[in-house]
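# Structure at a glance
Listed below are the residues making up each chain.
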Amino acid sequence: MKMFKNLIASEWVGGIDVILNINPSDTNDVIGEYARASAEDAKAAIAAAKAAFPAWSRSGILERHAILRKTADEILARKDELGRLLSREEGKTLAEGIGETVRAGQIFDFFAGEALRLAGEVIPSVRPDIGVEITREPVGVVGIITPWNFPIAIPAWKIAPALCYGNTIVFKPAELVPGCSWAIVDILHRAGLPKGVMNLVMGKGSVVGQAMLDSPDIQAITFTGSTGTGKRVALASVEHNRKYQLEMGGKNPFVVLDDADLGVAVEAAVNSAFFSTGQRCTASSRVIVTEGIHDRFVAAMGERMKGLVIDDALRAGTHIGPVVDQSQLNQDTDYIAIGKQEGAKLAFGGELLKRDTPGFYLQPALFTEATNQMRISREEIFGPVASVIRVKDYDEALSVANDTPFGLSSGIATTSLKHATHFKRNAEAGMVMVNLPTAGVDFHVPFGGRKGSSHGSREQGRYAAEFYTTVKSAYTNT
């Protein structure tokens, strides 16, 4: 079995401690052995990134463009292979895996273009004969910590802008799904990145991640993951006075009004709640439905759920793959039990399933008669479990939608321009969808939330410059 090593100072480094990358659709299928980095490995990676920063931060824009463009081209050329790897290690359907891989390639392509558009401002001073230049410069060594649910897109939307703006990187992917992250780093390495610019340290968050948090030589950390870990990142970053960017949880509402197109509403709700096995921070697990359409909507959604095929992620015709691992499956089933105990009605699904291969298969679950005070309506489940909350009218729907400690994504199904316009303005979320699933965003558009979902500047698109650069104002007496 092939051993996939860490990359430190442009050398592939391995040890006897390894991570087994297991296919959740078939737990007998081991994708590979991935070297588990130690705290000393992490410190060596940080030192390498620090040493590489002076030269890379002053590198030419054409060099950065060429490396990012070459990376984009290879990812897109290998989209079927890498998409299959993604589906095999994470459990998304093959169509979703290939789609996410294409998005990663598009992100690198976008920032290849941004490298050629780096710009500043020249403005007049209020004082005579003084010139003012405002420029953006790279922050320094950037620590990147990514989750398991988007194993190629999230690394891409952090790594690409970091390199575009002249930073060096220490990258720790989720230990559960190291395959796609290793592939991206391998592609970048072969694309010609200078020594030490890109460093990969796979391993435990408690070891590798902690070493990154403890280091005064990391000037910025961008993190996507759980709320609890995000708070630890924030506290450690304050200690070192470093920039930090957090993307954490969501408990995203999807509102269905009486005037909604029923078919549009059902498709958007099913996609929001259950596709990618509900393992998206933008997934909607709270479906808030006004009473005039409530019964018809619940009946139609139940019928739609009956047609969903839950099976091996790589099998043709599968709509929903397995849950990512046993721990996540246990969390999902625990919340289904909690929902029943709280008095919600399990209207459909929630059963463990057996398929031809051993895997973590769960039938999507739909609760009705839920309230917004129940734990299943307050806490992020991160699985294919959704609750329908009945409300009187639009005003109550908006109030319930905003009654959450999170604020990432929010959606509404309506044919009313008045309600759609009001919802876009008054939904307390970083992203709002009208007659669309709450999950699914463009690669060139800012991504992020409010309240407990996010901290710091937005990710993706040109807004990424806010995090990966620092602003300098220079005055010259002419």
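Residues numbered from 1 in each chain as written. Predicted model: local features only at pLDDT ≥ 70, side-chain atom pairs only at ≥ 80, totals over all residues. Heavy atoms only, no water.

### Notes on a nonpolar patch on the surface
Judged by side-chain polarity, Ile 61, Leu 62, Leu 116 and Leu 118 come together as a nonpolar surface patch covering roughly 350 Å² of accessible area. Assignment of secondary structure puts Leu 118 in the loop between helix 4 (94-115) and strand 6 (121-124). Residue classification places Leu 118 among the partly exposed positions, given a relative accessible area of 38%. (Patch = residues over 30% accessible without salt bridge, like charges linked within 9 Å, V, L, I, M, F, W, Y side chains within 5 Å. Areas by Shrake-Rupley, 256 points an atom, 1.4 Å probe, with all protein chains shown as cover. Salt bridge = Lys/Arg side-chain N within 4 Å of Asp/Glu carboxyl O. Helix = DSSP H or I, 4+ residues; strand = E, 2+ residues; numbered from the N terminus. Buried < 20%, exposed > 50% of the residue type's maximum accessible area, 1.4 Å probe, protein only.)

### Structural notes on the nonpolar core
Counting residues in hydrophobic clusters, the biggest one holds 66 residues, and the most contacted among them are Phe 108, Phe 111, Ile 159, Leu 163 and Leu 188. Leu 163 has contacts with Trp 56, Arg 64, Leu 68, Ile 169, Leu 188, Leu 193 and Val 197, leaving out every residue within four places of it along the chain. (Core = buried A, V, L, I, M, F, W, Y, C linked by side-chain atoms within 4.5 Å. Contact = heavy atoms within 4.5 Å.)

### A few points about the packing of aromatic side chains
The geometry of an aromatic ring pair is captured by two quantities: the separation of the ring centres and the angle between the planes. Applying the stated rule across the entire model yields nine aromatic pairs. Both rings, one in Phe 4 and one in Tyr 34, keep their centres 4.5 Å apart while their planes meet at 10°; by these two values the pair is stacked. With Phe 4 in strand 1 (residues 3-4) and Tyr 34 in strand 5 (residues 26-35), this pair connects stretches of sequence that are 30 residues apart. Relative accessible area serves as the criterion here: at 12%, Phe 4 is assigned to the buried category. When the centroid spacing of 6.4 Å and the interplanar angle of 75° are considered together, the rings of Phe 111 and Tyr 165 count as edge-to-face. (Phe/Tyr/Trp six-rings, centres within 6.5 Å; stacked < 30°, edge-to-face > 60°.)

### So, the sheet that holds strand 16 (residues 365-370)
The mixed open sheet is built from seven strands, whose spatial order is 15-16-17-14-13-19-20. Across the chains shown, the open sheet's two edge strands, defined by having one partner strand only, are strand 15 (345-348) and strand 20 (431-434). Put simply, the sheet's adjacent strands are angled 25° from each other on average, direction ignored. (Pairing = 2+ DSSP bridges. Axes fitted to C-alpha atoms, helices over the stretch in contact; angles between N-to-C directions.)

### Quick look at the pairing of strand 8 (residues 141-145)
Burial analysis of strand 8 places five of its five residues in the buried class, the great majority of the element. Neither face of strand 8 is left uncovered, since the one carrying Val 141, Gly 143 and Ile 145 and the one carrying Val 142 and Ile 144 both have all their residues buried. As paired elements, strand 8 and strand 9 (residues 168-172) share five bridges and run parallel to each other. Paired with Val 142 across the strands is Ile 169, a residue of strand 9. A crossover connection joins strand 8 to the parallel strand 9 through helix 5 (residues 153-164); in handedness this β-α-β unit is right-handed. (Right-handed = clockwise from strand over helix to strand, strands pointing away.)

### Observations concerning helix 1 (residues 39-57)
Taking 1.5 Å of rise per residue, the 19 residues of helix 1 would be expected to cover 27 Å, and the 26 Å separating its terminal C-alpha atoms lies within 8% of that figure. Taken as a whole, helix 1 carries its principal kink of about 30° at Ala 51; the proline Pro 54 stands between one and four residues after it. Within helix 1 the residues assigned to the buried category are Ala 42, Ala 45, Ile 46, Ala 48, Ala 49, Ala 52, Phe 53, Trp 56 and Ser 57. (Expected span 1.5 Å × (residues − 1). Bend = angle between axes of the 7 residues up to and from the residue.)

### Describing the packing of helix 3 (residues 79-90) against helix 6 (residues 179-190)
The interhelical angle for the contact between helix 3 and helix 6, taken along N-to-C directions, is 150°, at an axis separation of 9 Å. The orientation of helix 3 with respect to helix 6, classified from their angle, is roughly antiparallel. Counting all contacts with helix 3, which are made through Leu 82, Leu 85, Leu 86 and Glu 89, the residues of helix 6 involved are Gly 179, Cys 180, Ala 183 and Ile 187. Of the residues contributing to the contact of helix 3 with helix 6, the split by class is six nonpolar, one polar and one charged. (Parallel < 35°, antiparallel > 145°, perpendicular 65-115°, else oblique. Nonpolar A, V, L, I, M, F, W, Y, C, P; charged D, E, K, R; others polar.)

This is a description of form; function is not addressed.
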